[in-house]
Amino acid sequence: MIGSRIAAVGHYQPARVLTNEDLAGMVDTSDAWITSRVGIRTRHVAGPDEPVDELAAHAAAKALAAAGRTPAEIDLVLVATSTAIDRSPNMAARVAARLGMPGPAVMDINVVCAGFTHALATADHAVRAGGASRVLVVGADKMSDVADWTDRSTCVLVGDGAGAAVVEACEPGGERGIGPVLWGSVPEMGHAVRIEGTPPRFAQEGQSVYRWAATQLPVVARKACENAGLAPEDLAGVVLHQANLRIIEPLARRLGAVNAVVARDVVESGNTSAASIPLAFSKLVEQGAVSAGDPVLLFGFGGNLSYAGQVVRCP
């Protein structure tokens, strides 16, 4: 089978920025309380006239432009999201319509915070199996729609945004640009992170998630590197789900990626769920923190206590 690679990435965030000081005027909290517990200082929040598919389409258009591709050249669209309000048409179809695509296959993937890395693996598998030649993969969430703005333990965490990648087949004989995925879940712990109810609301058992991430994920992340034939010290970058700085920094240390740039976009963007990894990765590429061909670990975790990770080569 042929391999696949990321040809380009792109990201988008709404213009409105909500600071910790702003939140202190809404709930019983403070900048010191938030930064000491999760490391977040700001987050971007979309308005009522900015639906999820609009965020996704902006990021997708940037990725397509960076790849030098037109919407008509995409034959599969995968959108990772857990904040779609409507069941049909799905988010991927809405994005394809916004971009004027003539007739791609369209699928949504809901694995909450691990959605993008699941979708990226699915794109890789589709290309390698011959089911698609060029795939648009988007992670997009509008967490402000599902936040309980009276709950200081959760509303301080969330932000809105989108990130996208264009995935293509590698040149014959070329190096595989997307490594084997390592994925799984803890189904019996699905209650630890939830978006449920009418209207749907985000809730989590923070200590359960923290303990699980701190004790279980370093081993899994190292295995994802092994699957790609690399040691952690070979990595040029590490992009973990941007949930909490107190999870990201210890996990990166325990992984042993001593030479890697570690994404810390959570500080300015908050937890954007499925958008967090492509958003942070795209920023690292845009800033020149990682270079073309560099190996970077992308590792998503969270909702359903699901996880998925793979080593990719930077576009």
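Refer to the preceding data block for the structure.
Residues numbered from 1 in each chain as written. Predicted model: local features only at pLDDT ≥ 70, side-chain atom pairs only at ≥ 80, totals over all residues. Heavy atoms only, no water.

S.K.: Go over the pairing of strand β13 (residues 295-301) with me, naming the residues and quoting the values.
M.R.: Burial within β13 is extensive, with seven of its seven residues counted as buried. Across the two faces of β13 the burial is the same, with P295, L297, F299 and F301 and V296, L298 and G300 all buried. Alignment of strand β11 (residues 237-240) against β13, held across four bridges, turns out to be parallel. Counterpart to V239 in the pairing with β13 is L298. Of the strand pairs in this sheet, β13 and strand β14 (residues 307-313) are connected by seven bridges, and their pairing is antiparallel. When the bridges of β14 are listed, F299 appears paired with G309. The turn linking β13 back onto β14 is made up of five residues, and G302 within it adopts a positive phi angle of 145°. (Buried < 20%, exposed > 50% of the residue type's maximum accessible area, 1.4 Å probe, protein only. Helix = DSSP H or I, 4+ residues; strand = E, 2+ residues; numbered from the N terminus. Pairing = 2+ DSSP bridges.)

S.K.: Could you give an account of the sheet that holds β14, naming the residues involved and the relevant values?
M.R.: If you walk across this open sheet you meet the five strands as β8-β14-β13-β11-β12, and the pairing is mixed. Single-partner strands in this sheet number two, and they are β8 (182-184) and β12 (261-262). Strand contacts of helix α5 (residues 115-128): β8, β13 and β14, with the helix running at about 60° to β14, the strand carrying the most contacts. (Contact = heavy atoms within 4.5 Å. Axes fitted to C-alpha atoms, helices over the stretch in contact; angles between N-to-C directions.)

S.K.: Could you give an account of the packing of helix α3 (residues 52-67) against helix α4 (residues 91-99), with specific residues and numbers?
M.R.: At a minimum axis separation of 9 Å, α3 and α4 run at an interaxial angle of 55°. Considered as vectors, α3 and α4 are oriented oblique to each other. Pair α3 / α4 crosses with right-handed handedness. Here V52, D53, E54, A56, A57, A60, A61 and L64 of α3 come into contact with α4, specifically with M91, R94, V95, R98 and L99. Of the residues belonging to the contact of α3 with α4, the class tally is nine nonpolar, no polar and four charged. (Parallel < 35°, antiparallel > 145°, perpendicular 65-115°, else oblique. Left-handed = near helix turned anticlockwise from the far one by under 90°. Nonpolar A, V, L, I, M, F, W, Y, C, P; charged D, E, K, R; others polar.)

S.K.: A description of the nonpolar core should follow, citing residues and the corresponding values.
M.R.: Counting residues in hydrophobic clusters, the biggest one holds 47 residues, and the most contacted among them are L235, L297, F299 and F301. Elements with a minimum of two residues in this core: α7 (206-227), β11, α8 (245-255), β13 and β14. Broken down by element, this core gets its largest block of residues, eight residues, from α7. Dropping the residues within four chain positions of it, F299 is found in contact with T117, L217, V220, A221, V239, L240, H241, I277, Y307, A308 and G309. Formed by 32 residues, the second largest nonpolar core is a distinct cluster that contains I277, L298, V312 and C314. (Core = buried A, V, L, I, M, F, W, Y, C linked by side-chain atoms within 4.5 Å.)

S.K.: Give a detailed account of empty space enclosed by the protein, specifying residues and quantitative values.
M.R.: In this structure the tally under the stated criterion is one cavity of 30 Å³ or more. Computed from the structure, the largest cavity encloses a volume of approximately 30 Å³. What lines the largest cavity is I6, V9, F116, A164, A165, P278 and F281. At the level of elements, β1 (4-12), β7 (160-169) and α10 (276-287) are the ones that each hand at least two residues to the lining of the largest cavity. (1 Å grid on protein atoms, 1.4 Å probe; cavity = no way out; pocket = protein on both sides within 12 Å on 5 of 7 lines; lining within 4 Å. Points joined across faces, edges and corners; volume = space filled by probe spheres on them.)

S.K.: Please provide a residue-by-residue account of the side chain of S144, values included.
M.R.: By secondary structure assignment, the location of S144 is in the loop between β6 (134-142) and α6 (152-155). Residues within four places of S144 in sequence aside, it is in contact with V45, A46, W149 and D160.

S.K.: Outline the pattern of salt bridges, supporting the account with residue identities and numerical values.
M.R.: Note that side chains of opposite charge can pair when their charged atoms are close. Considering all chains together, one arrives at 16 salt bridges under this definition. Across the pair R5 and E168 runs a salt bridge whose closest N-O atoms are separated by 3.2 Å. Taken together, the residues R5 in strand β1 and E168 in strand β7 connect sequence positions 163 residues apart. In this structure R5 comes out as partly exposed when scored by relative accessible area, which is 33%. Note that R194 is salt-bridged to E196, the shortest N-O span being 3.2 Å. (Salt bridge = Lys/Arg side-chain N within 4 Å of Asp/Glu carboxyl O.)

S.K.: So what's going on with unusual backbone geometry? Residues and values would help.
M.R.: Here the amide bond leading from S88 into P89 is cis, since omega sits at 0°, within 30 degrees of zero. Along the chain, P89 falls in the loop between β4 (76-80) and α4. Following T198, the chain continues into P199 via a peptide bond in cis, with omega recorded as -5°. Structurally, the position occupied by P199 is in the loop between β9 (193-196) and β10 (201-204). One non-glycine residue, V112, adopts positive backbone phi at about 50°. Residue position: V112 is located in the loop between β5 (105-109) and α5. Residue classification places V112 among the buried positions, given a relative accessible area of 13%. The phi torsion at L305 lies on the positive side, around 45°, for a residue other than glycine. Examined against the element boundaries, L305 turns out to sit in the loop between β13 and β14.

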